[in-house]
Amino acid sequence: MSDSSTPVVVTQQPTAAVGLPIRVSAGQIFREFLVIGATSFGGGVVAYLRHSLVAKRRWVEDKEFVELLAISQTLPGLNATNMAILVGDRLRGALGAFTAICGICLPGALLMYVVAIVYAAHGDHPLVTAALKGVAAAAVGLVLATSVQLGKKSLSNAYDLVFVALTVLGVNRLHQSVLTVLAVVGIAAILWYRPRRPPANSEKT
Amino acid sequence: MNQIPALLRVFGYLSLLTVGGGMAAFPEMKTLTVDVHHWMTFAQLVHLYSVGQMAPGPNMMMIVAIGEWVAGLLGAVVVLLAFFGPTACLALGTGRLWKRLESWPWRSSIQRGLAPVSIGLLLAGCFTLAKGAIFGLETATIAVAVLLILLQYNINPALLVLAAAIIGALSFAAG
């Protein structure tokens, strides 16, 4: 609600005013997310986002970043693009969100567009097939490592392991659609962790 | 035949399954793109997904390759919009509502409950990928080696994938 006629001199630390997002132009947002989109090799885009947005630019505070990450992880959608939307929106509304997601997707999209054309032309070359065999095997190891690392962080008891197992069985053994498994196991897990009433007085003794 | 409506449907649907990450949608992506629509073989899908792991940015940009494959530039654009549009709108809306949801007791139940399920979906996607990527001792060794190295050392995974490409080219091409 700051009136533009009263000159507020901001000398340093643009993020000093807590809760007041600093003004960032859509162009700046696009450029920053474009750089992240072009340099974040090897997955783990979230780490790149944090480095860039929290440490380097100070557009978001660390606490808010963690909070936005929690939203990203709960919603469908990739963490990277959900974060782009949420941070972009915080910085400059819907336009900021739009430019952020465009920026972060553009480099990878262009690259994969070229890959599709090259793969169509040379994908059956024996040397390419052999290399891709190695790449695919490595990708399995990579995704497994991600699962283990995430699991260590967010699984805290035996019931969690049951939900993990039920999900895997539903998709890989029972060959149910991901949607069905998500609906059945997801809702069961949410109900399992349903809100509980704070302990009543009688339990105090 | 015009595949654009099918691309729109398939990738719009897949986007809603990506709870906890893009890999969650992989089993369904295999069913729809390979078994139902016959846009590619399972091997091709596995290849594109794996190469996509080396690309920077959000880790499901390989969908662009599927779109290009099926319907050229228009296909690529349609797939991008279908895959990122719905979840982007959802994130925008939820992000704005989030503060108000703070007092809603189910908010933390949903977060808590979906955490193990999203890891299960990630693993399920990984096992589906493995069916098209692990064929014997050599490929299994590469996968286990990458897993152990990543758990042990803080190394950029893209470098490992690149190394696996070279190892693959050197060892599998001869045999």
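Residues numbered from 1 in each chain as written. Chains lettered and ligands numbered in written order. Predicted model: local features only at pLDDT ≥ 70, side-chain atom pairs only at ≥ 80, totals over all residues.

A. The overall build of chain B, seen in detail. Each helix and strand counted, chain B has 7 helices and 0 strands in total. Along the chain direction, N to C, the helices and strands of chain B fall in the order α-α-α-α-α-α-α. On the principal axes, the C-alpha backbone points of chain B span a range of 60 × 50 × 25 Å. Split into buried and exposed, the 175 residues of chain B put 55% on the buried side. A separation threshold of at least 6 residues defines the contact pool for chain B, and within that pool the share at least 24 residues apart is 60%. (Helix = DSSP H or I, 4+ residues; strand = E, 2+ residues; numbered from the N terminus. Buried ≥ 20, exposed ≤ 12 C-beta atoms within 10 Å, placed from the backbone. Contact = placed C-beta atoms within 7 Å.)

B. Broad picture of the environment of P86(B). Residues and elements named next belong to chain B. Looking at where P86 falls in the secondary structure, it is placed in helix α4 (residues 62-101). When the 18 C-beta atoms within 10 Å are taken as the criterion, P86 is described as partly exposed. Residues P86 and A145, 59 residues apart in the sequence, show an inter-C-alpha distance of 37 Å. Contacts of P86, omitting those with residues within four sequence positions, involve G12, S15 and L16.

C. Representation of the interface of chain A and chain B in the model. Listed by partner, the interface residues are 85 residues for chain A and 90 residues for chain B. Of all the secondary structure elements, the ones that give two or more residues to the side of chain A that touches chain B are α1 (26-39), α3 (62-74), α4 (79-122), α5 (126-154), α6 (158-173) and α7 (178-192) of chain A. Here the side of chain A that touches chain B gets 24 residues from one element, more than from any other, and that element is α5(A). Of the residues in the side of chain A that touches chain B, the class split is 58 nonpolar, 23 polar and 4 charged. (Nonpolar A, V, L, I, M, F, W, Y, C, P; charged D, E, K, R; others polar.)

D. View of the nonpolar core. Formed by 120 residues in total, the largest nonpolar core has its most connected members in M112(A), A138(A), A139(A), V140(A), M62(B), V64(B) and V79(B). For this core, the leading source of residues is α4(A), giving 20 residues. Not counting chain neighbours up to four residues away, the residues in contact with V79(B) comprise L7(B), F11(B), I63(B), V64(B), I66(B) and G67(B). (Core = buried A, V, L, I, M, F, W, Y, C linked by C-beta atoms within 7 Å.)

E. Here's a closer look at the domain arrangement of chain A. Each domain of chain A was delimited in the assignment, giving domain 1 (17-122), domain 2 (124-154) and domain 3 (155-205). Computed from C-alpha atoms alone, the centre-to-centre distance between domain 1 of chain A and domain 2 of chain A is 24 Å. (Domains from an automatic or database assignment.)

F. A look at the confidence of the model for chain B. All names here are of chain B. Residues with a pLDDT of 70 or more make up 98% of chain B, whose mean pLDDT is 92. Summarising per-element confidence for chain B, the mean pLDDT is lowest in helix α7 (residues 157-172) (90) and highest in helix α1 (residues 4-15) (97). With pTM at 0.86, the complex prediction returns an ipTM value of 0.90. (pLDDT = per-residue confidence, 0-100.)

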